[in-house]
There are 2 protein chains.
Amino acid sequence: MSPAGGSSTRARLIAESMRLFGRQGYAGTTVSEIEAAAGLSGGSGSLYRHFPSKEALLSAGIREQITQGTELLNRIEAAGAAADAPLRASLTAIAVAGLRRLEQEQDFNRILVKDLSLFPELLDIARTEEIARIHAAIAGWLRAHAASGSESKDWAAIATVIIGSISHFWLLRDIFGTHPADVDEERYITALVDMVVAGLAGNEGETDVSPPEPEPNNIARTKE
Amino acid sequence: MSPAGGSSTRARLIAESMRLFGRQGYAGTTVSEIEAAAGLSGGSGSLYRHFPSKEALLSAGIREQITQGTELLNRIEAAGAAADAPLRASLTAIAVAGLRRLEQEQDFNRILVKDLSLFPELLDIARTEEIARIHAAIAGWLRAHAASGSESKDWAAIATVIIGSISHFWLLRDIFGTHPADVDEERYITALVDMVVAGLAGNEGETDVSPPEPEPNNIARTKE
DNA sequence: ACTCCTTGCAAGTAACTACTTACTTGTAGC
DNA sequence: GCTACAAGTAAGTAGTTACTTGCAAGGAGT
């Protein structure tokens, strides 16, 4: 049986399992539920015609999501490198784009946070293929676009602060429905961008930045 | 039998269940495991002498952790209000204290992120008793200690950025073991504090960028 | 027709799930 | 010793879990 709605059964199983894993967690989602959500008869082992195990289904979904994510990341990198807008507007656009991306990939992010600790090889893929690349892209963007005459800074650390801040705003909103401190997206991004702009302009000689490692070796590190 | 090692069975059940829930998730932890971890005979229903259900055990653990957390919060508030150190040192101390607190309550935070979405009444307690209070405390501290002559700002939003940034740094380190971007705690806190200090001092970093730029349509912040 | 292969379902499997019941134990007060 | 009671255990309960097996329906190619 092939002409079922236009999407293959395998693709439907992956998509629905990611949705259910994201909502209920891996352990809290049964194979029967996944089958039923994908249009199969729940309780029959039809899932095992397409995947050898529940874990293999999770693995396939994670890997597929990551390959899609890197394609999206490549496009973002290209767009960011070509951007010529003023700093504040560019940072705001990046922050908004990051939030939209977090929302778009909410199931993947939920699974990453909730359950991926139990699957170390998937964790490793997510780290090297997705998260580390995003950090490197933002850090590189900062170095290229914000170093107008000022001294060099710890771009990787600044990128980590920015990404972490936006990611946690999404996470709290995802968990609680609304942000527990009742700060909406507009105020949040404005406050973040204000701080980043001020920090990048920063030639305030008030107290010197502690330089433990001026330019650590986390960009362009060796791959195995 | 009461004097068993110094801790009551009920307390041991709560502590071990929080540890296991944090590591494996609520659905991924069995009553049998909890009993065995608490020194009881796993598989016997001994847990039900102390709690009517697995969910009641989770609820008791969450509530107990929150009451302990608020006591700790009160002490932090008092210490912060009395502090008279320079801004940068105070902010650094707050950031470090926040990270230590996140690590100390790692099981609670893991459960909050992983499983509490399925228990809305516990989510609500955590939001109002813990998270909202922390945000209010930091926002109040900023308003009191950082408004030296400068104009008023959106303190709640700035506090949210700071807290979210630190929380996400802890979360990523907790999930991956080490931070996926290889930024250590020292560099991270330095970068964050630099940005906050510059943003708070910012009667220059903000005003010289905002007026002429064609900003996107998301700049209209409200202050509370 | 034939074989080969895929995809589905019904009906299982053994193991595990949260939870219960009946009973034993240790300890305390009188 | 006797009672009272909290706390532990063994051995269940009925239901659920991931996963398997037998079989049928349908193509595709020959």
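Residues numbered from 1 in each chain as written. Chains lettered and ligands numbered in written order. Predicted model: local features only at pLDDT ≥ 70, side-chain atom pairs only at ≥ 80, totals over all residues. Heavy atoms only, no water.

Caption draft 1: Structural context of the protein's contact with DNA strand D. Neighbouring DNA strand D are 18 residues, the closest being T30(A), R49(A), T9(B), R49(B) and H50(B). For DNA strand D, the fraction of atoms within 4 Å of the protein that belong to sugar or phosphate moieties is 56%. T9(B) places a polar side-chain atom, nitrogen or oxygen, 2.7 Å from a phosphate oxygen of DNA strand D. (Near = heavy atom within 4 Å. Polar contact = N/O pair within 3.5 Å; in protein donor to acceptor, adjacent residues only side chain to side chain.)

Caption draft 2: Representation of unusual backbone geometry in the model. All names here are of chain A. Positive phi outside glycine occurs at D182, with the angle close to 60°. Its place among the elements puts D182 in the loop between α7 (155-176) and α8 (185-201). The exposed category is assigned to D182, whose relative accessible area is 58%. (Helix = DSSP H or I, 4+ residues; strand = E, 2+ residues; numbered from the N terminus. Buried < 20%, exposed > 50% of the residue type's maximum accessible area, 1.4 Å probe, protein only.)

Caption draft 3: A look at the relation of the copies chain A and chain B. Superposition of chain A onto chain B requires a rotation of 180° combined with a translation of 0.0 Å along the rotation axis, giving an RMSD of 0.1 Å. Put plainly, the chains are arranged around a two-fold axis. Interface overlap between copies is the fraction of interface residues in one copy that are interface residues in the other; for chain A against chain B it reaches 86%, indicating a shared surface. (Least-squares fit on C-alpha atoms with pLDDT ≥ 70 in both. Contact = heavy atoms within 4.5 Å.)

Caption draft 4: Highlighting the interface of chain A and chain B. In this assembly, 58 residues from chain A lie in contact with 58 residues from chain B. A buried area of about 5300 Å², summed over both sides, lies between chain A and chain B, and 69% of it is on carbon and sulfur atoms. Our enumeration of links across chain A and chain B arrives at 2 salt bridges. Between R187(A) and D154(B) there is a salt bridge; the shortest N-O distance is 2.7 Å. (Buried area = accessible area lost by both parts, 1.4 Å probe. Salt bridge = Lys/Arg side-chain N within 4 Å of Asp/Glu carboxyl O.)

Caption draft 5: Expanded view of the protein's contact with DNA strand C. Every one of the 18 residues lining DNA strand C counts as a neighbour, but T9(A), R49(A), H50(A), T30(B) and R49(B) are closest to it. Sugar and phosphate atoms represent 55% of those atoms of DNA strand C found within 4 Å of the protein. The contact in question runs from a base oxygen of DNA strand C to an N or O atom on the backbone of G45(B), over 3.3 Å. Between DNA strand C and Y48(B), the relevant distance is 2.9 Å, taken from a phosphate oxygen to a side-chain nitrogen or oxygen of the residue. Each residue belonging to the surface near DNA strand C can be placed in one class, and the counts come to 3 nonpolar, 12 polar and 3 charged. (Nonpolar A, V, L, I, M, F, W, Y, C, P; charged D, E, K, R; others polar.)

Caption draft 6: Representation of helix α4 (residues 87-104) of chain A. Its 18 residues give α4(A) an end-to-end C-alpha distance of 25 Å, which sits within 8% of 26 Å, the value for a rise of 1.5 Å per residue. Residues of α4(A) that are buried include every one of R88(A), A89(A), S90(A), L91(A), T92(A), A95(A), L99(A), R101(A) and L102(A), and no others. (Expected span 1.5 Å × (residues − 1).)

Caption draft 7: The packing of α8(A) against helix α7 (residues 155-176) of chain B, seen in detail. Here α8(A) crosses α7(B) at 75°, and the two axes come no closer than 8 Å. Of the possible angle classes, the one that applies to α8(A) and α7(B) is roughly perpendicular. Only A156(B), A157(B), I158(B), T160(B) and V161(B) of α7(B) make contact with α8(A), whose side of the interface consists of R187(A), Y188(A), A191(A), L192(A) and M195(A). Residue composition of the contact of α8(A) with α7(B), by class: 8 nonpolar, 1 polar and 1 charged. (Axes fitted to C-alpha atoms, helices over the stretch in contact; angles between N-to-C directions. Parallel < 35°, antiparallel > 145°, perpendicular 65-115°, else oblique.)

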